[in-house]
Amino acid sequence: MTTALTRRQLLAATLATGAAVPFAGTGRGWAAPAGATPGQPRLTLPRPTGPHAVGTVALHLVDRSRPDPVAGPRRHRELMAGVWYPATGDARRHPLAQWLPDAPTRALLVSSDFDADVAAAPLTVGHEGAPALRAPGRLPVVVFSHGNNGHRSETTIVVQELASHGYAVVTVDHTYDSYGEFPDGRLTVPDNDMSFTPWDSAHDVRFVIDRIEDLAAGRNPDAECRPLPAGLGAALDLRRIGMFGWSKGATATALVMNADQRVRAGLSLDGPMESAPPVTDLDRPFMLMTADFSRATEPSVEEFWSHLRGWRLNVHAEGAAHGSYCDHQWLIPQLATIIGMSEERLRGWIGTLDPTRAVRIQQAYPLAFFDLHLRRRRQRLLANPDPAFPEVRFIA
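Residues numbered from 1 in each chain as written. Predicted model: local features only at pLDDT ≥ 70, side-chain atom pairs only at ≥ 80, totals over all residues. Heavy atoms only, no water.

Enquirer: In this structure, what is going on with the overall build of the chain? I would like to understand it.
Expert: A count of helices and strands for the chain gives 10 helices and 15 strands. Classification of the 396 residues of the chain by burial places 58% in the buried group. Sequence separation of 24 or more characterises 74% of the internal contacts of the chain that already satisfy a separation of 6 or more. Total accessible area on the chain stands at roughly 15900 Å², and carbon and sulfur atoms take up 51% of it. (Helix = DSSP H or I, 4+ residues; strand = E, 2+ residues; numbered from the N terminus. Buried < 20%, exposed > 50% of the residue type's maximum accessible area, 1.4 Å probe, protein only. Contact = heavy atoms within 4.5 Å. Areas by Shrake-Rupley, 256 points an atom, 1.4 Å probe, with all protein chains shown as cover.)

Rendered as structure tokens:
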């Protein structure tokens with residue numbers, strides 16, 4: 001995305017302001033967040049629409065087949081992952097997880113020259129360690145890969161929506177390309193001196209899927225063997241795995257599907273779809289949600305489209321910008337309200353798509369895609385353009 005600030009600076013600025021929060025259905029009206037500490041307001045996120053409470057657990061994973069590229073051959077690659085899932089009705093007894101832990105939030109702020117203590121990250125609806133819901137049948141699994149210099153929380157709106165509708169969602173921090181924190185307090189931030197490609201992200205994801213298989217088989221993949229939520233492993237259906245990614249993570253999604261038949265359906269949230277070596281033909285379902293990286297403007301996306309041999313769909317939201325399919329579209333307008341940003345400049349950040357409409361698109365279309373291809377439920381939303389979403393066009 002070409003703007004006056006980088007993605008990282010923009011997100012940091014949003015967090016730094018402790019901005020007020022837009023509520024769905026209110027257009028550009030804003031309301032003050034509840035529960036803010038004096039002098040350090042807390043941001044919030046929109047609630048998911050599904051019927052289930054949401055649980056979450058963090059996993060510390062060590063890939064002993066891969067040396068750490070920074071720490072040296074005696075150290076192995078370490079990753080943090082999160083699992084989000086429908087939880088039992090007593091989930092409220094468990095604390096809510098933060099959107100991003102304190103230490104990486106502070107690092108994100110400091111890296112963009114903001115006071116590290118000026119604001120608190122949002123709370124999610126995910127209850128840490130809550131027991132998994134025992135529903136009829138097991139849960140389809142969806143894996144998420146983040147964008148360049150991002151983190152596993154950047155599409156929490158989509159993740160919470162899927163979990164609230166009965167999916168287990170696994171999110172991955174790609175160490176040295178992300179903001180994160182290990183259980184012993186070690187902070188990980190993007191290393192701009194390192195080349196980290198979509199193939200590197202794809203290797204991480206395939207390793208994480210292996211560890212989720214361990215979890216489903218009753219083993220604890222966490223490096224410290226920390227307690228797991230009751231019933232989580234038994235709830236997972238590894239015969240129904242999907243994947244999605246935002247930006248670079250979308251390219252990683254296609255690369256994983258090239259190499260791993262376990263992933264049955266893939267979703268790109270405005271990915272550039274560039275890699276070396278490139279993606280080859282895919283015969284499984286794939287959907288593009290495009291904005292800045294459209295087939296009309298990016299030859300790499302059009303080339304990728306030509307390699308899709310199975311079910312495929314390209315939806316495009318008019319007025320959307322690159323961040324319109326992740327949490328940025330909800331956070332950036334909060335900054336605009338606090339600093340009095342002009343409408344013209346705001347359009348430069350988020351396009352002309354209203355944030356509340358962007359949230360509805362984020363909630364509806366990924367859910368419909370995975371419901372169709374992992375649950376075999378017919379989806380009118382994906383059959384034809386829907387009058388309820390006038391912004392969304394189908395690109396033939």
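From this point on, the discussion continues.
Enquirer: So what exactly am I meant to see when it comes to helix α9 (residues 355-374) here?
Expert: Across its 20 residues, α9 extends 28 Å between first and last C-alpha, which sits within 8% of the 28 Å expected from 1.5 Å per residue. The buried fraction of α9 is high, at 18 of 20 residues. Once α9 finishes, R376 follows within two positions and takes phi at roughly 60°, a positive value. (Expected span 1.5 Å × (residues − 1).)

Enquirer: It is not clear to me how the confidence of the model for the chain should be interpreted in this structure. Could you clarify?
Expert: Low pLDDT marks regions whose predicted coordinates should not be analysed in detail. When pLDDT is averaged along the chain, the result is 88, and 86% of the positions lie at 70 or above. Within the model, the stretch residues 1-8 combines pLDDT values under 50 with 20 contacts to residues more than four positions away or in other chains. Low pLDDT, under 50, characterises residues 10-36; the stretch is placed with 80 contacts to residues that sit more than four places away or in other chains. (pLDDT = per-residue confidence, 0-100.)

Enquirer: Please clarify how the sheet that holds strand β15 (residues 392-394) should be interpreted in this entry.
Expert: The strands making up a sheet are joined through hydrogen bonds of the backbone, oriented either antiparallel or parallel. One open sheet holds the 11 strands; their spatial order is β5-β6-β3-β4-β8-β7-β11-β12-β13-β14-β15, and the pairing between them is mixed. Edge positions in the open sheet fall to β5 (96-98) and β15, since each of these has one partner strand only. Taken pair by pair, the neighbouring strands of this sheet meet at an average axis angle of 30°, ignoring direction. Here strand β3 (residues 53-68) runs beside strand β4 (residues 72-87); their pairing, made up of 13 bridges, is antiparallel. Counterpart to G55 in the pairing with β4 is Y85. (Pairing = 2+ DSSP bridges. Axes fitted to C-alpha atoms, helices over the stretch in contact; angles between N-to-C directions.)

Enquirer: I would appreciate a short explanation of the pattern of salt bridges in the present structure.
Expert: Pairs may arise between side chains of opposite charge once their charged atoms sit close together. This structure, assessed with the given rule, holds 24 salt bridges. For D260, the salt bridge is made with R206, and the minimal N-O distance between the two is 3.2 Å. With D260 in the loop between α5 (248-259) and β12 (263-269) and R206 in helix α4 (residues 198-216), this residue pair connects regions lying 54 residues apart in the sequence. Judged by its relative accessible area of 33%, R206 falls in the partly exposed class. (Salt bridge = Lys/Arg side-chain N within 4 Å of Asp/Glu carboxyl O.)

Enquirer: Is there a simple way to think about the pairing of strand β7 (residues 139-145) in this case?
Expert: Walk down a regular strand and you will see the side chains alternate between the two sheet faces. A large share of β7 lies buried, amounting to seven of its seven residues. Of the two faces of β7, the one lined by L139, V141, V143 and S145 and the one lined by P140, V142 and F144 are each fully buried. Bridge count for β7 against strand β11 (residues 236-246) is seven bridges, and the pairing is parallel. By the bridge assignment, L139 is partnered in β11 with L236. Of the pairings in the sheet, the one linking β7 to strand β8 (residues 168-173) comprises five bridges and is parallel in character.

Enquirer: Please clarify how the layout of surface pockets should be interpreted in this entry.
Expert: Over the atoms, a rolled probe matching the size of one water molecule traces out where space is still vacant. What the second largest pocket holds in volume is close to 500 Å³. For the second largest pocket, the lining is made up of 28 residues, of which V57, A58, A97, E128 and R152 are closest to its centre. Mapped by element, the contributors of at least two residues to the lining of the second largest pocket are β3, β4, β5, β6 (123-128), α3 (156-164), β8 and β9 (180-181). Here the lining of the second largest pocket gets four residues from one element, more than from any other, and that element is β3. (1 Å grid on protein atoms, 1.4 Å probe; cavity = no way out; pocket = protein on both sides within 12 Å on 5 of 7 lines; lining within 4 Å. Points joined across faces, edges and corners; volume = space filled by probe spheres on them.)

Enquirer: What's the story with the environment of G50 in this structure? I'm lost.
Expert: You can see G50 is positioned in the loop between β2 (30-31) and β3. Classification of G50 as buried rests on a relative accessible area of 18%. In this structure G50 touches E161, S164 and H165, once residues within four positions along its chain are discounted.

Enquirer: Quick question: what am I supposed to make of helix α6 (residues 299-306) here?
Expert: Residues that lie three or four places apart on an α-helix share one face, since the helix turns once every 3.6 residues. All buried positions along α6 are accounted for by S300, V301, F304 and W305. Seen along its axis, α6 keeps its buried residues to an arc of 145°; they face one direction. (Arc of directions from axis to C-beta.)

Enquirer: Mind showing me how you'd approach the side chain of E161 here?
Expert: Tracing the backbone shows E161 in helix α3. No salt bridge is formed by the buried E161, whose closest oppositely charged neighbour, R360, lies at an N-O distance of 5.2 Å. (Lys, Arg positive; Asp, Glu negative; His and termini not counted.)

Enquirer: Just to check I follow, could you spell out unusual backbone geometry for this structure?
Expert: With the exception of glycine, most residues fall at negative phi, and the peptide bonds are largely trans. Residue P277 is bonded to the preceding A276 through a cis peptide linkage, with omega at -5°. On the secondary structure map, P277 appears in the loop between β12 and β13 (286-290). Located in the positive-phi region is N149, a residue other than glycine, with phi close to 55°. Unlike most non-glycine residues, C225 shows phi in positive territory, near 55°. Along the chain, C225 turns up in the loop between α4 and β11.

Enquirer: What am I meant to see in the packing of aromatic side chains here?
Expert: Centre-to-centre distance and the angle between the planes together describe a pair of aromatic rings. Using the criterion set out here, one finds six aromatic pairs in the structure. Ring centres of F144 and F244 lie 4.9 Å apart, and the angle between their planes is 40°; on these two criteria the pair is classed as tilted. Taken as a pair, F144 in strand β7 and F244 in strand β11 lie far apart in primary sequence, 100 residues in all. With respect to class, F144 is no different from F244; both count as buried. Where Y365 meets F389, the ring centres are 5.2 Å apart and the plane angle is 75°; that geometry is what we call edge-to-face. With Y365 in helix α9 and F389 in the loop between α10 (380-383) and β15, this pair connects stretches of sequence that are 24 residues apart. Summarising the burial analysis for this pair, Y365 and F389 share the class buried. (Phe/Tyr/Trp six-rings, centres within 6.5 Å; stacked < 30°, edge-to-face > 60°.)

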